Every structure is written in C-alpha cells, then in structure tokens.
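Observations on the three-dimensional arrangement
Spelled out, the chains give:
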Amino acid sequence: MAKLPDGRLPIEDLLATSRRVSMNTNAYATVLVAPYEQWRASAMDRSYQKELAKKYRQLQKKGALSFSCCSDSAAVLETMEVMRKFRGPRFHAQGDGDLLQRPEYYGFYSDVALRGLGSFVRLYAMKMDGEVIAAVLGLCHRDSFLVIMSAFDIAGYKSQSIGALMFEQVARDCIERGDQMLDFTIGDEPYKKSFGAQASPMWEVTQVGSAVGAIALFALKQAPWLKLAAKRLSDLKVQPAHTARPTR
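Computed from a predicted model, the values in this text were never measured in an experiment.

Secondary-structure assignment places V33 in the loop between β1 (21–31) and α2 (36–43). Taking the C-alpha atoms as reference points, V33 and C174, separated by 141 residues in sequence, lie 9.8 Å from one another. Here V33 is in contact with Q38, W39 and I175, once residues within four sequence places are set aside.

Here it is, written out as structure tokens:
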C-alpha cells in the first residue's frame, strides 16, 4: 500500500506487518488565506510575483483570455479531451506513458468529472480565443481542493509559464470560494514550493502473502527499475504469431 499520507491511521498495525517506510517522495499543500492578494504576498516571493504578472500581461496580448470552472457536461467533455491531447506528448517525452491515453482510464476520469460536477469535483479551464490551453482537475473535500491532474499547451505558451499562471488562477478561485487549502498532492515538482506549498512525506506498507510474493518483493528492492519494466510490459499488446508456410 503506497502513497500513505503522514500522520494517518497506522495501517501496518492492522496488517500485522513491519512499520511503514519512506517512499522518498512528498506531497505538497499550501494554506490559503483571504483575500487573494494577502495570500499571494505571503506565499510567493516578490520577484516571482512580478515575473508571473509580466507573463500574464504577455498572455493577455495574444488574444481573448478567459478562466472558468466547467459548469456543464459539454464543457467537461471538451476540456477532458484537450487534457488528453496535451498530456500525451508530455509524458511520452519523459519515457512513461500517460494513463489518459488508455480508453479505460480516460473514461473513468471523465466519468468522475461528470458525476462530481457542481459537488465534489472541479475542472478548471483557461481559454485563448475560445480554445482550451490549460486545464486542472481536482477534488473538493473539507475546504480543500486536491489536484488530481493537469495539462497545458506547453508547446504554444512555454515562454509564458502557462502552468504557473493556471495554478495562480486556481488559487484565486479557491480563496474566493472559501477554501483553506490548495493541495498539489504527491510529487516533488519544484513549482509547488513557489506557491508556498509545504512538503509532507509519503509512506508505504508492504505485507508478503506467499513465497512468490517474498521473491518478488526482494527483486523490487534490489532493482526498482523492474517495477517500471513490468508496467511497460503490461501495456504491450500481444501480437499474433506468424504461421509458417509449409515447405515442399
């Protein structure tokens, strides 16, 4: 059981297994305070505030810029489709696949966004001249907004730091809604600290149930790359075997 937050229920006691171990990765969240200007001044360096303000002005000069939270099914489906398009090349370049490229995962997250519309889910979209150029999907829980995934038109707006500008607008909307926490969730991406997010360690608990499981666990500890290799192998489609032609 991986990605366990810090300071939560000691699941290892229920499983009668060894204590949890660090995953060597963290989750990040920033405390929100109203008004937005006060949070921005306290959470972000002055130089970074000026940098983003400059890039936002540059972005506005490119066309009709808008930011909104999707309010109907048509907007959700449009934004999810664009999100899938933007995430594909990005994660392929990093050497790992993106789950949204697989129909079953894309269908699942789209269904979550549609079912939770107006209640426990928010899907934000930034548009340029009516076209989605950035999107953020997240869950709402106990005055917190927890980011699930995001996507940006990096190729078209890389010099404008579109990802940072998008999260800045998300923070503004969360504060106006009365949220007290913007949770970027798991991942050690540097941009999170730029928004005043504090690190919280993530843990995992392992319980072996068989001899085969013990061997597998040992192999994973000795060579973590096997985990990635196994994931990639599971994504491969088995090709039909070629039938040999009879010879005379």
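Further remarks concern the packing of aromatic side chains. Per the stated rule, a full pass over the model turns up 10 aromatic pairs. With 5.9 Å between their ring centres and 35° between their planes, Y36 and W39 make a pair best called tilted. Taken as a pair, Y36 and W39 lie in helix α2 at a separation of 3 residues, close to a single helical turn. Exposure remark for Y36: the relative accessible area of 6% places this residue in the buried category. Seen in terms of ring centroids, F167 and F184 are 5.3 Å apart; in terms of plane orientation they differ by 75°. Their pairing is edge-to-face. In this pair, F167 sits in helix α7 (residues 162–176) while F184 sits in strand β6 (residues 181–186), placing the two residues 17 residues apart along the sequence. With a relative accessible area of 3%, F184 lands in the buried category. By the ring-pair criterion, three or more aromatic residues cluster together here, those being Y48, F152, F167, F184, Y191 and F195. If you follow R84 out to its NZ or CZ, it ends over the ring of Y106, 3.7 Å from the centre.

If the charged atoms of two oppositely charged side chains come close together, the side chains can form a pair. Considering all chains together, one arrives at 10 salt bridges under this definition. Across the salt bridge formed by E78 and K127, the nearest N and O atoms sit 3.6 Å from each other. In this pair, E78 is assigned in helix α4 (residues 73–93) and K127 in strand β3 (residues 121–128), connecting sequence segments 49 residues apart. In this structure, K192 engages E189 in a salt bridge whose closest nitrogen and oxygen atoms are separated by 3.0 Å.

Among the structural elements, L137 can be located in strand β4 (residues 131–141). On a C-alpha basis, the gap between L137 and A113 in space is 7.8 Å, while along the polypeptide they are 24 residues apart. Not counting residues up to four positions away in its chain, the partners in contact with L137 are M80, M83, Y109, A113, V121, R122, L123, F145, L146, V147, I148 and M149.

Each pair of packed helices can be summarised by the angle the axes make with each other and by the distance between the axes. Direction vectors running N to C along α2 and α7 enclose 130°, while the axes themselves pass 9 Å from each other. As summarised for this structure, α2 and α7 are arranged oblique, according to the angle between their axes. The chirality of how α2 crosses α7 is right-handed. When α2 is examined against α7, the residues Y36, E37, W39 and R40 are found in contact with a partner set consisting of E168, A171, R172 and I175. Split into classes, the residues belonging to the contact of α2 with α7 amount to 4 nonpolar, no polar and 4 charged.

Here the focus is the environment of E204. Its location among the elements puts E204 in strand β7 (residues 198–204). When the C-alpha positions of E204 and E12 are compared, they lie 9.3 Å apart, and in sequence the two are 192 residues distant.

Let us now look at the pairing of β4. The buried fraction of β4 is high, at 8 of 11 residues. Pairing analysis gives 8 bridges linking β3 to β4, with the strands arranged antiparallel. Counted as the bridge partner of A125 is A135 from β4. The hairpin turn running from β3 into β4, its antiparallel successor, is 2 residues long, and D129 in that turn takes a positive phi close to 55°. Both β4 and strand β5 (residues 144–152) contribute to a ladder of 8 bridges, which runs antiparallel.

What follows covers a nonpolar patch on the surface. A surface patch of nonpolar side chains, about 430 Å² in accessible area, is lined by M1, L9, L14 and L15. Looking at the secondary structure, you find M1 in the segment before α1 (11–15). Note on M1: relative accessible area 52%, which makes it exposed.

Moving on, we get to unusual backbone geometry. The peptide bond linking A34 to P35 adopts the cis configuration, its omega dihedral lying at 0°. Phi is positive for K3, close to 60°, though the residue is something other than glycine. For K3, the position within the fold is in the segment before α1.

Each value, and the rule that gives it
Throughout this description, residue numbers start from 1 for each chain and increase along the sequence as written. Two thresholds apply to this predicted model, a pLDDT of at least 70 for residue-level local features and 80 or more for giving and counting side-chain atom pairs, whereas whole-chain, interface and lining totals are computed over all residues. The side-chain figures draw on all heavy atoms in the structure; neither hydrogens nor water molecules are used. In this text, helices come from DSSP runs of H or I with a minimum length of four residues, and strands from runs of E with a minimum of two, each type numbered from the N-terminal end. Two residues qualify as a contact provided that any one of their heavy atoms is within 4.5 Å of a heavy atom in the partner residue. Two rings from Phe, Tyr or Trp (for Trp, the six-membered ring) form a pair when their centres are within 6.5 Å of each other. A pair whose planes differ by under 30 degrees is stacked, one over 60 is edge-to-face, and the rest are tilted. Only protein chains enter the accessibility calculation, which uses a 1.4 Å probe; a residue is then buried when its area is under 20% of its type maximum, exposed when over 50%, and partly exposed in between. In this analysis the charged atom, NZ for Lys or CZ for Arg, is taken to sit over a ring once it is within 6 Å of the ring centre and within 35 degrees of the ring normal. Salt bridge, as applied in this entry: a Lys or Arg side-chain nitrogen positioned within 4 Å of an Asp or Glu carboxyl oxygen. The axes used here are C-alpha line fits, helices contributing only the stretch in contact, and every angle between their N-to-C directions lies in the interval 0 to 180 degrees. Convention used here: angles under 35 degrees read as roughly parallel, angles over 145 as roughly antiparallel, angles from 65 to 115 as roughly perpendicular, and any remaining angle as oblique. The crossing is said to be left-handed when, going from far helix to near helix, the turn is anticlockwise and less than a right angle, and right-handed when the turn is clockwise. Nonpolar residues are Ala, Val, Leu, Ile, Met, Phe, Trp, Tyr, Cys and Pro. Charged residues are Asp, Glu, Lys and Arg, and all others, Gly as well, are polar. The rule for pairing is simple: two strands pair if DSSP sees at least two bridges between them. Here the term patch refers to residues with relative accessible area over 30% and no salt bridge, with like charges joined within 9 Å and nonpolar side chains (Val, Leu, Ile, Met, Phe, Trp, Tyr) within 5 Å. For accessible areas, the Shrake-Rupley method is used with a probe of radius 1.4 Å. Any residue's cover is judged against the shown protein chains and nothing else.

Structural measurements only, silent on function.
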